[in-house]
Amino acid sequence: MGNLVGLLALLVTIIVVAVILRREGGKKKSNKDYFAGKKPVKPAAASDNRDWPAIVEKARDVAMAMARPAISLTMVKDQITDDPHSSIGGRPSLPAGAKWPGGRDGKPMIFLAQINFADMPPLDGYPKEGVLSFFVEDNDLNGCDFPSKDNTGFKVLYHADPKALQRLDLPDHSWEFTPFNAELTTQGRRLTGQLASGAISPNSAEGQNLTQDWYPDCPGALWDSFHEALTEAKPALVYYGGHPDFTQDDFRRADDDPKLTEVLLQLGFVLDRENDVEICWGDAGEACFLISKADLAERKFEKVAYNWDCS
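Here, residues in each chain are numbered from 1, in the same order as that chain's written sequence. Where totals are concerned, whole chains, interfaces and linings use all residues; where local detail is concerned, this predicted model gives features only for residues with pLDDT of at least 70, and gives and counts side-chain atom pairs only at 80 or more. Side-chain metrics in this entry use all non-hydrogen atoms of the structure; hydrogen atoms and water are not considered.

1. A word on the side chain of His159
Consideration 1: Secondary structure elements are defined from DSSP: runs of H or I of at least 4 residues count as helices, runs of E of at least 2 residues count as strands, and each element is numbered from the N terminus. With respect to the helices and strands, the residue His159 is situated in strand 7 (residues 154-159).
Consideration 2: According to the relative accessible area criterion, His159 is buried, its value standing at 16%.
Consideration 3: Contacts are assigned to residue pairs with any non-hydrogen atoms lying within 4.5 Å of each other. For His159, the residues in contact, after removing those within four places along its chain, are Ser93, Leu94, Pro95, Gly130, Val131 and Leu165. Whether a residue is buried, partly exposed or exposed follows from its accessible area with a 1.4 Å probe, protein chains only, as a fraction of its type maximum: under 20%, in between, or over 50%, in that order.

This is the structure we're talking about:
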């Protein structure tokens, strides 16, 4: 009988402990969910009843009104000649006797593009002559420190007298991390320019300032329409002037002095007519080279900032 009473007492104790542990376990799970950031579903707020189409349309109109002149650049499959015309990829034009620019690791840098401003329509604030060339390092980050400045990891070279330039032969090097496909990297293309206009990027500081008060509550479909409208209002996939574009966030800071407002070169995600990739930064990203208005006016191209980001 004593053994039976002992067993019953032990069984009751086990049941009580199990109930207590279950309750405590439920409390721990609840606390874990709370600290993981889960929030209760909020009731429909008055703001959810706002006239969203009108709000988005107004913001779109404001964004379009902020558009700036730009030069859209088109890649043309013409043969690259020895004269220093505007081009992308292939052989750069450099002073006679110059060596191919090298990176911090000593490897030949990737030649991106050169703009001969005499080839291009005039754009206020930009040179009317001279050649501006862009190079980045051949590594997995394309030399970028996110952002890079002071020609560290990249080079922007300005030559006021194009007559002193000649095309430099490609070095004996196979670039491993070029954002261009093989043909564009080695053969290059001629660049032609056309005057265009470009709205602000929805991911720029200007775009975020324009939408920050209502973006969190905006219906997804309307936000997508706003984003697409601004994306379609870019000058081109490759351009200069206008506004910079960003795949994610604007790398510039409010306390930057001077402000990096002028686009020297924007290189986006480019497919050819067969939907083969020609230009790709990371995962369909964007690269830009920016300078302040004052430094551009004084042709201080050593003050350029370079950045790229992707999705």
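2. What about the pairing of strand 11 (residues 262-267)?
Consideration 1: The element strand 11 is extensively covered by neighbouring structure, given that 6 of its 6 residues are classed as buried.
Consideration 2: Note on pairing: two strands pair once DSSP finds at least 2 bridges between them. Sheet analysis places strand 11 next to strand 14 (residues 286-291), joined by 5 bridges and oriented antiparallel. Its bridge partner lying in strand 14, Leu265 is registered against Phe289.

3. Things to note about unusual backbone geometry
Consideration 1: With an omega of 0°, the peptide bond running from Phe146 to Pro147 counts as cis.
Consideration 2: You can see Pro147 is positioned in the loop between strand 5 (131-136) and strand 6 (148-149).
Consideration 3: One non-glycine residue with positive phi stands out, namely Asp150, at about 60°.
Consideration 4: A relative accessible area of 58% places Asp150 in the exposed class.

4. Focus: helix 2 (residues 52-65)
Consideration 1: The end-to-end C-alpha separation of helix 2 is 20 Å, in line with the 20 Å expected for 14 residues at 1.5 Å each.
Consideration 2: Of all the positions in helix 2, only Trp52, Val56, Ala59 and Ala63 are classed as buried. The buried residues of helix 2 occupy one face: seen down the axis, they fall within an arc of 65°. Opposite its buried face, helix 2 presents the exposed residues Pro53, Lys58 and Ala65, each directed more than 90 degrees away.
Consideration 3: Packing partners of the buried residues in helix 2 comprise helix 4 (205-211) and helix 5 (220-232). How far a helix is expected to stretch is found by multiplying one less than its residue total by 1.5 Å. By construction, the arc corresponds to the directions joining the helix axis to the C-beta atoms.

5. Re the pattern of salt bridges
Consideration 1: For salt bridges, the criterion is a side-chain nitrogen of Lys or Arg within 4 Å of an Asp or Glu carboxyl oxygen. Tallied over the entire structure, the rule returns 14 salt bridges.
Consideration 2: When the shortest N-O distance is used, the salt bridge between Asp145 and Arg104 registers 3.9 Å. Of this pair, Asp145 sits in the loop between strand 5 and strand 6 while Arg104 sits in the loop between strand 3 (93-95) and strand 4 (110-116), placing them 41 residues apart in sequence.
Consideration 3: For Arg104, a relative accessible area of 53% gives the class exposed.
Consideration 4: Salt bridges here are not isolated pairs; linked through shared partners, they connect Asp82, Arg91 and Asp169.

6. Describing the environment of Phe154
Consideration 1: Tracing the sequence through the fold places Phe154 in strand 7.
Consideration 2: With 50 residues separating them in the primary sequence, Phe154 and Arg104 have C-alpha atoms 9.4 Å apart.
Consideration 3: In this view, Phe154 contacts Met109, Phe135, Val136, Ser148, Lys149, Phe289, Val304 and Tyr306; residues no more than four positions away in its chain are not counted.

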